[in-house]
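# A closer look at the structure
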Amino acid sequence: MVIRAEPRITPADRLTHIKARLGINRMNCRVAPGLYALGAPDRSSPVLVTANYTLSFDALRGSLGGVDAWIMVLDTKGVNVWCAAGKGTFGANELCARIENAGLANVVDHRRLTLPQLGAPGVAAHAVARRTGFSVEYGPVRAGDIKEYLRTGAASADMRRVTFGLWDRLVLIPIEAKAAALPGLGLAAALWALLGPTGGWAALAGVLAGIALFPVLLPLMPGTQFAVQGAALGALSAAPFSADALSRSSWIEAAAYLCISGAAAAFLALNFTGSTTFTSPSAVKREIARYTRPMAVCFGLGFALALVEGALRWSAMVW
Amino acid sequence: MVTETINTLRYDADHCIGCGMCWTVCPHAVFAEGDGVASLARAEACMECGACRMNCPSGAIEVESGVGCAAAMYAAALKGGGPSCGCETESCC
């Protein structure tokens, strides 16, 4: 059975994309796996393979205006091509099963499949060829380059490189914010209760430094250690609040802000590793081993100082 | 000769047949076309995604690929088991 697909992205599709980026109804962002006909494909049209995450499928079909092609959607449980390839759900077994199910050998005369390059971690091209008779060629990283690839039959060096531009990083912030919202607001409430409004705002600034400022400034910061870069941004975000505390001769409060914001932003920055397009598990393991204890000690020290300052103020009020 | 690197990537040029799959699939140009075989051009840029190892038909490449997410590694350390990102759940990254 072949399903029809359109290259046009409707306003309703765009709303779905925005909601997915905000984490709303994320689990329904999937399309039915199977073989789709885009335009009016015939027995010589290319077969393009993608994941059943709506944003992946839409990126592909939205880039194919005016092209006649078959699109084979693998069941990746609603996960994008690269992540699914890493997990193996965008993999040779699923691909071979789809080829069989769709009766692809009877749909096209050629024996070529075009996979996105980022599907490669999950698929051994030579194994697919051996099992199905279809040869796998890897197209460009980005769907936006697929038309050019189909026209020339080759991907340039740029098309083969993954990038992580400002927009790629910005769209990730809402999900980071959502994940950090509860502990972040809890921390702000605790510091507000202990140290007043300045404490609450200082905590929020530290959390924001980790989830928003860090992704924005990522390529501009020196060094490669996420935790160190995050700690620096956290300390920077605490600076105005610490300066304010010092102007009131409250050095305990000033030190508390530096410690808490530095540790919180370092931790949040370290948690951004999985969202980047270049971090290796080896590097993350090294950072976790090196910085988990310092982050915990720094945070604990900061919170202890906040408690001391709060207690001093409370006793001053009582006496 | 096996080249040692700062990550888990290991490339044995003696086993390379020069098919070009590794420099095609690598998203960070870690491999480049060399003299009849692949050359390890930017080993330090490897993110251990495993695409090259998976698509090398001659077994010339070894790399331990896995989830590169600190949150997943912390979760694995707390709950036990291997790290896995929560991409089948509502809390997907």
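Here the structure is a predicted model, which means the values were calculated and not measured.

In this section: the packing of helix 11 (residues 226–247) of chain A against helix 12 (residues 251–270) of chain A. Residue and element names in this part refer to chain A. Their axes nearest at 7 Å, the elements helix 11 and helix 12 cross at an angle of 155 degrees. As far as their axial angle goes, helix 12 and helix 11 are roughly antiparallel. Viewed along their axes, helix 11 and helix 12 form a crossing whose handedness is right-handed. Counting all contacts with helix 11, which are made through Phe226, Ala227, Gly230, Ala231, Gly234, Ala235, Ser237, Ala238, Phe241, Ser242, Ala245 and Leu246, the residues of helix 12 involved are Trp251, Glu253, Ala254, Tyr257, Leu258, Ser261, Gly262, Ala265, Ala266, Ala269 and Leu270. In terms of residue class, the contact of helix 11 with helix 12 is built from 16 nonpolar, 6 polar and 1 charged.

With 31 residues, the main nonpolar core has A:Met72, A:Phe90, A:Leu95, A:Leu104, A:Leu113, A:Leu115 and A:Tyr138 as its most contacted residues. Those residues in contact with A:Leu95, other than ones at most four positions away along the chain, are A:Val49, A:Met72, A:Leu74, A:Leu113, A:Leu115, A:Val123 and A:Val128. Counting residues in hydrophobic clusters, the runner-up holds 22 residues, among them A:Phe214, A:Val284, B:Ala70 and B:Met73.

A word on unusual backbone geometry. The backbone of A:Asn25 shows a phi angle near 60 degrees, a positive value even though the residue is not glycine. You will see that B:Glu48, though not glycine, has its phi angle at about 60 degrees, which is positive. Within the element layout of this structure, B:Glu48 appears in the loop between strand 4 (38–40) and helix 2 (51–55).

This paragraph deals with the domain arrangement of chain A. Residue and element names in this part refer to chain A. As assigned here, chain A comprises domain 1 (2–162) and domain 2 (167–318). Distance between the C-alpha centres of domain 1 and domain 2: 40 Å. Counting residues at the interface gives 6 residues for domain 1, matched by 6 residues for domain 2. Together, the buried faces of domain 1 and domain 2 total about 500 Å²; carbon and sulfur atoms form 60% of this surface. Our count for the domain 1 to domain 2 interface comes out at 0 salt bridges. The interface formed by domain 1 and domain 2 contains 1 residue pair in polar contact (both at pLDDT 80 or more).

Below, the discussion takes up the interface of chain B and chain A. Facing the 36 residues of chain B at the interface are 39 residues of chain A. Carbon and sulfur atoms supply 60% of the area that chain B and chain A bury against each other, a total of about 3,100 Å² over both sides. On inspection of chain B and its partner chain A, the count reaches 0 salt bridges. Applying the counting rule to chain B against chain A returns 13 residue pairs in polar contact (both at pLDDT 80 or more). Sorting the residues of the side of chain B that touches chain A by element identifies helix 1 (21–25), helix 2 and helix 3 (70–79) of chain B as the ones contributing at least two each. Looking at which element gives the most residues to the side of chain B that touches chain A, the answer is helix 3 of chain B, with 4 residues. Considered class by class, the residues forming the side of chain B that touches chain A number 23 nonpolar, 9 polar and 4 charged.

Calculation criteria
- Counting restarts for each chain: residues are numbered from 1 in the order of the written sequence.
- Whichever chain is written first is A, and whichever ligand is written first is 1; the rest continue in order.
- Local features in this predicted model are restricted to residues whose pLDDT is 70 or higher, and side-chain atom pairs enter the listing and the counts only when it is 80 or higher, whereas totals over whole chains, interfaces and linings include all residues.
- Hydrogens and water molecules were not included; the side-chain quantities draw on all heavy atoms of the structure.
- Note on method: axes are straight lines fitted to C-alpha atoms, helices fitted across the in-contact stretch only, with angles between N-to-C directions ranging 0 to 180 degrees.
- Helix and strand definitions here come from DSSP, where helices need a minimum of 4 consecutive H or I residues and strands a minimum of 2 consecutive E residues; each element is numbered from the N-terminal end.
- Geometric relationships in this document are graded by angle, where less than 35 degrees denotes roughly parallel, more than 145 denotes roughly antiparallel, 65 to 115 denotes roughly perpendicular, and other angles denote oblique.
- Note: crossing handedness is left-handed where the near helix turns anticlockwise from the far helix by less than a right angle, and right-handed where it turns clockwise.
- Here, residues are in contact when the closest pair of their heavy atoms is within 4.5 Å.
- Only Asp, Glu, Lys and Arg are considered charged, only Ala, Val, Leu, Ile, Met, Phe, Trp, Tyr, Cys and Pro nonpolar, and every remaining residue, Gly among them, polar.
- The criterion is simple. A nonpolar core is a set of buried Ala, Val, Leu, Ile, Met, Phe, Trp, Tyr and Cys residues joined through side-chain atoms within 4.5 Å.
- For the exposure calls, accessible area comes from a 1.4 Å probe over protein chains only, and a residue counts as buried if that area is under 20% of its type's maximum, exposed if over 50%, partly exposed in between.
- Marked domain ranges trace back to an automatic or database domain assignment.
- The buried area of a pairing is the accessible area, by a 1.4 Å probe, that goes missing from both parts when the two are put together, added over both.
- A pairing counts as a salt bridge when a side-chain nitrogen of Lys or Arg comes within 4 Å of a carboxyl oxygen of Asp or Glu.
- Contacts described as polar in this section are N or O atom pairs within 3.5 Å, which, within protein, must combine one atom able to donate a hydrogen with one able to accept it, while residues neighboring in sequence count only if both atoms come from side chains.

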